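Commentary on secondary and tertiary structure
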Amino acid sequence: MSLRRCSLVVAFGLLAGALVIVAVRLNRASNASSFESAWAARLRWDESVAKRAISERGGDPDFRNPGLILEAAILARQGRTTDATKKLQRLSPDWRERPEAKQIRGELLYAAGALRDAESLFLSLLNDDPSCGAVHLWLGVIYYDRMQFDRFMREMERAIQLTPDDFRPHRLVGLMYHRVDRYAESAQYFQEALRLGGVTGQEDIVGHLARALLFNRDYSGVIDLVAKIPEPSGDLWSNLGEAHLNLGSSDEVVNNCVEQALKSGRHQRRVLHFVSQIYIDSGRVEEAVAYLNELLETAPHFQGAHYLLSRAYQKLGRQADYELAIKRLKVAEKIKKEHGDLMQRILEHPDDMDALRRAESLAVEMGEPGLAKMYAVARTSGISKDLPKQ
């Protein structure tokens, strides 16, 4: 073989090798890019990018580990914790140590109620990378469940600073303030959560926001809020009706709210309370009594219902029933005050097991299952005394 021909063969061989190396690097870069884009979208609560990446790259051996993490992330969010755990177990050893895999493990621990283990894992992730807003968010959720609100606010403030476009920290802070009846603050955070995340998927806080606006006497704000909702719930129609009532709107407008509230949520507590109020004032007192007694079956110490029932019995001239309603109203007032005092005590001492146990019992008596569950979680999750520095 001539020297020239030999040189050409070597040159072509080197070129082919270089092309293979470039192709491998491009493929790795593509894998990394696909995975990072999908994970970033997942942190924004968007799983469509991950699903598309799995669909397009599922058969690619080089995408095996990234695909397993993305599949585990989707399963974790669907509540399929066992399936998500199995996906993580199939990861190669180096990928099991990646922060994304650890974050999913933390989420699964949280879902299983292992709050201490989840907390330790999230704290270790923040020790490695304090700039991860999503991990601050998860750590804050744990502190919310434990009613350690000082720590909760610390993590939410960091999450908001690091991920200013994420609606979730604002939503959670709004819920926390709503729990402790600080409605001015809750309204502010709920409004920001809805601005950033939209109404879809956040219908629950729309109702909370409407109640907060009513407590703040922002009746026009309630009307503007409900006008943005395509199909208001019975609860929202009741809030709207109360806003119109306070603004002195016509009977026709208020009665339309009553009709729509009954149509949309006939058995909702807020609907029963609002409709009873209107019926007592309009002379349909017997119907109001029936609605109020239905309400008290699920919330036997609901203060507002006992007050309206006493008014109704007084109008009907049923003196014995009136006196019994007043007696029960005083019991409800006493329970509400005790609960408020306990809440303040828990905020100052979140590891006070006696206060948590009693507050849980009162929440059950008040017909507040969500509140009772929160106290139960805080009571049973355990409190970490010595947290590693971040």
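Quantities reported herein were computed from a predicted structural model and do not represent experimental measurements.

Details of unusual backbone geometry
In the Ramachandran plot, D181 falls in the positive-phi region, its phi being about 60° despite a non-glycine side chain. Structurally, D181 can be placed in the loop between α10 (167–179) and α11 (183–197). Not every positive phi belongs to a glycine, and R217 is a case in point at roughly 60°. Inspection of the secondary structure puts R217 in the loop between α12 (203–215) and α13 (219–227).

A closer look at the environment of S34
Mapped onto the elements, S34 comes out in helix α1 (residues 3–43). Sequence spacing of S34 and R52 is 18 residues, and the spatial spacing of their C-alpha atoms is 9.5 Å. Leaving out residues up to four positions away in the same chain, S34 has contacts with R57 and F63.

Remarks on the packing of aromatic side chains
All told, the structure shown has 10 aromatic pairs when counted by the stated rule. Aromatic side chains F35 and W95 sit 5.5 Å apart centroid to centroid with 75° between the ring planes, which places their arrangement in the edge-to-face category. With F35 in helix α1 and W95 in helix α5 (residues 93–96), the pair connects residues that are 60 residues apart, well separated along the chain. The pair F35 / W95 is uniform in exposure class, with both members buried.

Concerning helix α6 (residues 99–111)
Taking 1.5 Å per residue, 13 residues should reach 18 Å; α6 reaches 18 Å between its end C-alpha atoms and fits that length. Of the positions making up α6, those classed as buried are E100, A101, K102, Q103, I104, G106, E107 and L108. Taken from the residues just after α6, G113 is the one with a positive phi, measuring 85°.

Side note on the packing of helix α9 (residues 149–162) against α10
When two helices pack together, their arrangement is given by the angle between their axes and by how far apart the axes lie. Here α9 crosses α10 at 155°, and the two axes come no closer than 9 Å. When the axes of α9 and α10 are compared, the pair comes out roughly antiparallel. The element α9 and its partner α10 pack so that their crossing is left-handed. Of the residues in α10, those touching α9 at F149, F152, M153, M156, A159 and I160 are P169, H170, L172, V173, M176 and Y177.

Brief notes about the nonpolar core
The biggest cluster of nonpolar side chains holds 90 residues, and the ones touching the most others in it are F122, M147, F152, M176, V275 and Y375. A total of 9 residues in this core trace back to one element, the largest contributor, which is helix α8 (residues 133–145). Look past the residues within four positions of F122 in its chain and what remains in contact with it is Q103, G106, E107, V135, W138, L139 and I142. Counting 24 residues, the second-largest nonpolar core is a separate cluster that includes F35, I54, F63 and I104.

Looking at the confidence of the model for the protein chain
On average, residues of the protein chain carry a pLDDT of 87, and 89% of them reach 70 or more. Long-range and interchain partners of residues 1–31, a stretch whose pLDDT sits below 50, account for 10 contacts in this model, where long-range means more than four residues apart. Within the model, the stretch residues 383–390 combines pLDDT values under 50 with 25 contacts to residues more than four positions away or in other chains.

Analysis parameters
Residues numbered from 1 in each chain as written. Predicted model: local features only at pLDDT ≥ 70, side-chain atom pairs only at ≥ 80, totals over all residues. Heavy atoms only, no water. Helix = DSSP H or I, 4+ residues; strand = E, 2+ residues; numbered from the N terminus. Contact = heavy atoms within 4.5 Å. Phe/Tyr/Trp six-rings, centres within 6.5 Å; stacked < 30°, edge-to-face > 60°. Buried < 20%, exposed > 50% of the residue type's maximum accessible area, 1.4 Å probe, protein only. Expected span 1.5 Å × (residues − 1). Axes fitted to C-alpha atoms, helices over the stretch in contact; angles between N-to-C directions. Parallel < 35°, antiparallel > 145°, perpendicular 65-115°, else oblique. Left-handed = near helix turned anticlockwise from the far one by under 90°. Core = buried A, V, L, I, M, F, W, Y, C linked by side-chain atoms within 4.5 Å. pLDDT = per-residue confidence, 0-100.

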